[in-house]
Amino acid sequence: MAAVTNNPGDFLPLTPAVFHVLLALAGGERHGYAIMQEVAGSTGGQIKMGPGTLYGTVKRLLEIRLIEESDERPDPRLDDERRRYYRLSGLGQQVVRAEAQRYAAMVELARGKRLIDQSNPAHPGAA
Amino acid sequence: MPRPAPNRSQEWSQRLYQRLLAAYPRRHREAYGGAMAQLFRDQCRDAWADGRNLGLLALWLRTLPDLLKTSLLERCSNLHPGKYMADKLNPLLRPSRTPVYVFLAVFLWVFIPVFLIAATITFILPESYAGTCRIQVDPEPAGFQTNAAPIAGGPVATPPPYDAFFMQTTFEVIQSPLVLSNVVSQLNLNEVWGKKYLNGERLKTTESVDLLKRRMDLRPVRNTRLIAITVYSEDKNEAAQLANAVAKAYQDYRVNLERQVPANGLKIPPVSSVIITDPAYPSNDPVRPNKPLNLLLGAIAGLFLGGVAGSLAALITHRLGRRPQPQPVNPGRGQ
C-alpha cells in the first residue's frame, strides 16, 4: 500500500485522465457512466474514456483517497441501484483545485507571451 | 425510465466484453468487473442509438485498445506495485518499462494487428462453394468384359492394351474445349457469366471455357477408376450444376466417340464407359476461405512475429536498463 500524504502539491501534475475524472466529480457525485459522459461532453467528444481507463483511474484515485465511494443511493426508481457512485474527498477537492490553478497560471503565462488569442482562445497564436 | 431491450448485436457485444474481462487480474475483475460491464452495456446502448452496427463497430475499435492497454497495466501493476503515490497515478500514461512489460506490450501490439488483419481478410474474402461430382471411367465400354471367358462360337474379344497415361489423358480431355464448350452452350454461360462479370456484355465461348477451366479441379480417387470433378463458384447451386454438367458432357463425349470408332471391329453395345456415380449437390458450407485455418495461421503468424519483436524489444530494454541511471531529484513525484 502506498504511503498517503495530505499535501495536494505532492500529487501534481495530474495525468489528463485523472484530471478529467476529478473535474467531472467536482460537479457532484457521479457513477462511472455519468463520469464518462461528463468527460466526453466537456471535451466536445474528444476524450471518450473506455471502461478500462475509467475504472483503472477510479481504482487508483480510491487507493490514494482523492475520491471516495458514496454510501448514499439515489431513488432506485430513478436509477439502477447497482451503480456505484463516487465523489471527491476533501483532499481530492484540494488537489483538483491546485491542478486547475496550475493550469490557470500556465494559461496566463501563455497569454503573456501572446500565444493565446484573447478574442479566440481556440486558435492560439492567431492574433 | 424503461430502456429499450438490447438487440442481438448488443447482446453479443456485451457477452464478448464479459469474456474479455478475463484479461484483467482477478482482484481487479472482482472489484470493478461488474461496473465495467455495466458501463460497456451503457456504451453499447448509446453506440447502437448513434449508428446501429457501425456505431457498435466504432465502439469496439475504441474499446479493444483500451482493454488491451489497461489490462496489461493492471497486470504489470500487480507484478510491480508502485512504491509512491505518483506511481499509482502515472501508469495510465507512463507505465513502468520493465523487460516483461515491454515484451508483453510489443508482443500484443504485433500479435493483435497481425491476427486482426488475417481475420479481416478472411471475413472480407468472398465465399466460394464447391460442387463435386464423381464419375467412374473405364478404358473400355461397360459390359465389355476383358476378363470374362469368351462365349463358345462367339467372337473373341481382344483386351485393349494397357494405357499408363489413361487417367492423365482423361483429365486433359475433360478440361479441353471439346467437352467444356458443350457445358458452356448447354448452360448458356456466355450470357450468364457475361451478365455477372462483364456488365452484361456477352463472353466469347473461349473466354467462358477458360473461366470454367480455371474453376475446375480434377482428382483421381485413390485405388479406383473414379475421378472427382470439383467446380468452385460463389453460388452453391451453380457449383453443383457446373460439376454435374461437366460430368455429363464428358459422358456424352465418350458415348459419341465409342459409336464412331468401334474397338477392334467389335460391335460395342451402346452403353457408356463413363458412369456418374455421385452427382454433385449444393453444399451449404463454403470451402473458401477456410476460416478456421486462416484464423489459425493468423494466430501462428502473430505469435511468431510478436514473440520475435517482443523478445528483441525486451532485450534492448534490459540492456539499456543495466546502464547507470541519473538519480531523480524527487522520486516521490515519479518524474
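Up top is the structure.
Please read all numbers here as calculations on a predicted model, not as lab measurements.

Chemist: Give me the lowdown on the overall build of chain A, citing residues and values where you can.
Modeler: Tallying secondary structure elements over chain A gives 4 helices and 3 strands in all. Counting from the amino terminus, helix and strand elements in chain A follow one another as α-β-α-α-β-β-α. Out of the 127 residues in chain A, the part that is buried amounts to 29%. In chain A, 54% of the contacts between residues at least 6 apart in sequence involve partners at least 24 apart.

Chemist: Lay out the packing of helix α1 (residues 16-26) of chain A against helix α3 (residues 51-63) of chain A with the relevant residues and their values.
Modeler: Two quantities define a packed helix pair, namely the angle between the axes and the distance from one axis to the other. Residue and element names in this part refer to chain A. Orientation of α1 relative to α3, taken along the N-to-C sense of each, is 80 degrees, at an axis distance of 10 Å. Here α1 lies roughly perpendicular to α3, going by the angle between them. For the pair formed by α1 and α3, the contact residues are A17, V18 and V21 on the first element and T53, T57, V58 and L61 on the second.

Chemist: Run through the sheet that holds strand β4 (residues 274-278) of chain B, naming residues and quoting values.
Modeler: All names here are of chain B. Strand order across the open sheet formed by 4 strands is β2-β3-β1-β4, with antiparallel pairing between neighbours. With partners counted over all chains shown, the strands left at the sheet margins are β2 (216-220) and β4, one partner each. Each strand of the sheet is rotated relative to its neighbour by a mean of 30 degrees, with strand direction disregarded. Relative to β4, strand β1 (residues 129-137) runs antiparallel, the two sharing 4 bridges. Each residue of the ladder has a partner; that of Q136, found in β4, is I275. In the packing of helix α5 (residues 166-174) onto the sheet, the strands contacted are β1, β2 and β3 (226-233), and the crossing angle to β2 comes to about 160 degrees.

Chemist: Just give me the short version of the sheet that holds strand β3 (residues 85-88) of chain A, but keep the residues and values in it.
Modeler: All names here are of chain A. Spatial strand order, β1-β3-β2: 3 strands in an open sheet with antiparallel pairing. In this open sheet, the two edge strands, each paired with only one partner strand, are β1 (30-31) and β2 (67-69). Contacts from α1 reach β1, β2 and β3, with the element oriented near 95 degrees to β3.

Chemist: Give a detailed account of α1 of chain A, specifying residues and quantitative values.
Modeler: Among the residues of α1 of chain A, those classed as buried are A17, V18, H20, V21, L22, A24 and L25 of chain A. Trailing α1 of chain A by a residue or two, G28 of chain A shows a phi angle of about 130 degrees, which is positive.

Chemist: Report on the pairing of β2 of chain B, specifying residues and quantitative values.
Modeler: Residue and element names in this part refer to chain B. Here β2 pairs with β3 via 5 bridges, running antiparallel. Of the residues in β3, the one forming a bridge with R219 is A228. Connecting β2 to the next strand, β3, in antiparallel fashion are 5 residues, including N223 with a positive phi near 60 degrees.

The rules behind these values
Residues numbered from 1 in each chain as written. Chains lettered and ligands numbered in written order. Predicted model: local features only at pLDDT ≥ 70, side-chain atom pairs only at ≥ 80, totals over all residues. Helix = DSSP H or I, 4+ residues; strand = E, 2+ residues; numbered from the N terminus. Buried ≥ 20, exposed ≤ 12 C-beta atoms within 10 Å, placed from the backbone. Contact = placed C-beta atoms within 7 Å. Axes fitted to C-alpha atoms, helices over the stretch in contact; angles between N-to-C directions. Parallel < 35°, antiparallel > 145°, perpendicular 65-115°, else oblique. Pairing = 2+ DSSP bridges.

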